[in-house]
Amino acid sequence: MCGIVGGVAERNIVPILLEGLKRLEYRGYDSSGIAILDTEEQIQRIRSLGKIKNLEQKIKTIDASNLVARRRDDQNFQGKIGIAHTRWATHGVPAENNAHPHICNNRVAVVHNGIIENYQQLKTQQLEQGYRFTSETDTEVVAHCVHRELVNVINNITLSNTTSVSPNVTPTVIPSEAEGSPTDNTQQQKILRQAQDDSDLLLQAVTNALKHFEGAYALGVVATDDPDTLIAARKGSPLVIGVGIGEHFIASDVSALLPVTQSFIFLEEGDVAKITREVVTIYDVNGEQVERPVKISNLTAHAVELGEHRHYMHKEIFEQPQAVIDTLEGRITQDHVLVSAFGYEAEAIFKTIQQIQIIACGTSYHSGLVAKYWFEDIVGVPCQVEVASEYRYRNPVIQDNTLFVTISQSGETADTLAALQQIKLLKKVKNIPTLTICNVPESSLTRESDLTFLTHAGPEIGVASTKAFTTQLVALSLLLTAVGKSMSLMSEEQEQKIVHGLQKLPGLIRKALQHEEKIIEIAQCFAERESALFLGRGTMYPIAMEGALKLKEISYIHAEAYPAGELKHGPLALIDEHIPVVTIAPHDDLLEKLKSNLQEVKARGGQMIVFEDEQSNISSEPGFRVIKATTNVGRITAPITFNVPLQLLSYHVALIKGTDVDQPRNLAKSVTVE
Ligand code: G6P
């Protein structure tokens, strides 16, 4: 999804913005752009379709004639204040003219994440006012709107200064020059510069403009009229301020700014910030000046670097043993789960609940589905799971005393956040405590939930989620135990068994990772295939769903997951020697049933790839390729462990297919729009 980076410094900002954009690449994007105020305080902008390296190349080769605004010399593309953006198309095709920043009259430049829902209406008004549009985006209305408000603010100032400063200046209505045309009245600008010291031109203009927008935004704005000021605003899309010494930055997430700072201010809903080199001043949704704490991130720039791995996805798959250790740390003792890991009031809350509603999207939804089996099988607590995009647009019946759990790697997924916000409205009349299981501290979901459990997976850069999913399952197993204990539905012996299983998990995952060579061989079977089927029963069904999702996300092979018992109700018709059937076969109560399902596939000539427990004893034979992926896994550890070889399988199929593993086409890491 779109990414913002910006900054104001004493040094040239361009390399910082470019590095920031590269660090936001993982979010998914189709084009990028950068706008700076150059040494003459003119807006210069460069945009490019495709990868950041295209933008970088353009910057390197730029000459004066390529620049958007007038240039009076042949200086390089340099400036001390600027904004930059990676765009993930929502309104308008991926194209250079739709890439951000969008500028108006060479006076205002804007980058935007989110969607301005009333942009059509604003566009109609702006066309009548004489503004011209050069893109199909919703964002261009923001640039025009800020420009119009800026002119209004300026007119008010000039009106009150004209008698004393210059009798010849007439307040302008709205100029309608196209991009690249000369800037507005220079005499007026001179007057403004005099008045500027005690006014907040751009802050006022943006604050006024925001009143016109419906929808969601994170915004970064610069303007030639207020050349030392960067304005940031947030509503519905995340934005952080990076605090440096004599320099300040903005970004969609902290990872973009780690090379320049580890101190961050997390803007809250409705905040608008005026950012200069020396000072950050924040105003809340009511326009009151507020102090927001500066938090120190414990992430290092190194945490988001690739190291020896070819792709982030591979790196993240291999980080899973450590991610599990980090997620368990401080949350369990030798034999027990600490209920307080979910917050000091967690135990009191868990005692009151009667059922659980889990809401999530994508991979996170699959972790919720696994948890449903656990909650209902192990502690007998009713548990519903639903994708957020459906839940938020129907009228769900939610019972009193429901624990409402959102699961999200990013904590910013728009649908999940909207579902939570909907529930918060009901909290006045019902007891619906909310908990989020999330990987990103200070994200929107963590701020809006009563309880938070942070998975300590570390930054996940690959669009296809791997270690975040694994740690979500760990978190859910801890939640299962914490709820079971608090409700007196779990014996001490059961708790110990779960805790001891979790302690073994890093070792089990390491062992599963050792099968990479065999998986590389098996991946060859998929090279020429157009479809694949994934089968599982019990908790292995959601794991099969996750395996199928991974394969389609990164290799673009159509893949579907089925509960193995449903084969005979349809998918059996698809089976022939061309469709690989991936099956997960743990040594559990359902194994014999699963074996019968496999025979049904074999009888139709299907090509089976079976990941089994050493104790499952499915032998390799024609039509069956069996990998003993693990041994002695328990109820909780089985789904987590069996998922690992499926991740590796997708990864190696994608390598063979030559796809963009970390940034698959059309997908985004963090989906902050509907
Ligand atoms: C996007 C990502 C998926 C992720 C889903 C939910 O679709 O590409 O990997 O599972 O969003 O994201 P969340 O951050 O809420 O877990």
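Participant: Would you take a moment to explain the pattern of salt bridges for this structure?
Facilitator: Between side chains of opposite charge, pairing is possible as soon as their charged atoms come close. The full count for this structure, using the stated rule, is 28 salt bridges. Among the salt bridges present, the one from R277 reaches E10, with a minimum N-O distance of 3.2 Å. Of this pair, R277 sits in the loop between β12 (272-275) and β13 (280-283) while E10 sits in the loop between β1 (3-8) and α1 (14-24), and the two are 267 residues apart along the sequence. What makes E10 partly exposed here is its relative accessible area of 48%. A salt bridge links R292 to E268; its shortest N-O distance comes to 3.8 Å. Note that R292 is positioned in the loop between β14 (289-290) and β15 (294-296) and E268 in the loop between β11 (263-266) and β12, a separation of 24 residues in sequence. Residue R292 is classed as buried on the basis of its relative accessible area, which comes to 17%.

Participant: Before we go on, may I ask you to explain the site of the ligand in this structure?
Facilitator: Around the ligand lies a shell of 13 residues, among which S364, S408, Q409, S410 and T413 are the nearest. Within the backbone of T363, a nitrogen or oxygen atom sits 3.0 Å from an oxygen atom of the ligand. Here the ligand loses 90% of its free accessible area of 390 Å² to cover by the protein chains. Here the element with the most residues in the shell around the ligand is helix α10 (residues 362-379); it accounts for three residues. Taken together, the residues of the shell around the ligand break down into four nonpolar, eight polar and one charged.

Participant: Where do I start with the environment of I13 in this structure?
Facilitator: Tracing the backbone through its elements, the reader meets I13 in the loop between β1 and α1. Each C-alpha atom of the pair I13 and L502 lies 46 Å from the other, and the pair is 489 residues apart in sequence. Non-local contacts of I13, meaning those with residues more than four positions away in its chain, are made with G7, V8, I36, G79, K80, I81, G82 and F249.

Participant: For this particular structure, what's the right way to read the pairing of strand β7 (residues 217-223)?
Facilitator: Consecutive side chains of a regular strand alternate in pointing toward one face of the sheet and then the other. For β7, the tally of buried residues reaches seven of seven residues, placing the bulk of the element in the interior. Looking at chain direction, strand β6 (residues 108-113) and β7 are connected through six bridges and run antiparallel. For N113, the partnering residue across the bridge sits in β7 and is A218. One ladder, built from five bridges, connects β7 with strand β8 (residues 230-235); its direction is antiparallel. Each residue of the ladder has a partner; that of V221, found in β8, is I231.

Criteria and cut-off values
Residues numbered from 1 in each chain as written. Predicted model: local features only at pLDDT ≥ 70, side-chain atom pairs only at ≥ 80, totals over all residues. Heavy atoms only, no water. Salt bridge = Lys/Arg side-chain N within 4 Å of Asp/Glu carboxyl O. Helix = DSSP H or I, 4+ residues; strand = E, 2+ residues; numbered from the N terminus. Buried < 20%, exposed > 50% of the residue type's maximum accessible area, 1.4 Å probe, protein only. Near = heavy atom within 4 Å. Polar contact = N/O pair within 3.5 Å; in protein donor to acceptor, adjacent residues only side chain to side chain. Areas by Shrake-Rupley, 256 points an atom, 1.4 Å probe, with all protein chains shown as cover. Nonpolar A, V, L, I, M, F, W, Y, C, P; charged D, E, K, R; others polar. Contact = heavy atoms within 4.5 Å. Pairing = 2+ DSSP bridges.

Remember, this is a structural readout, not a statement about activity or role.
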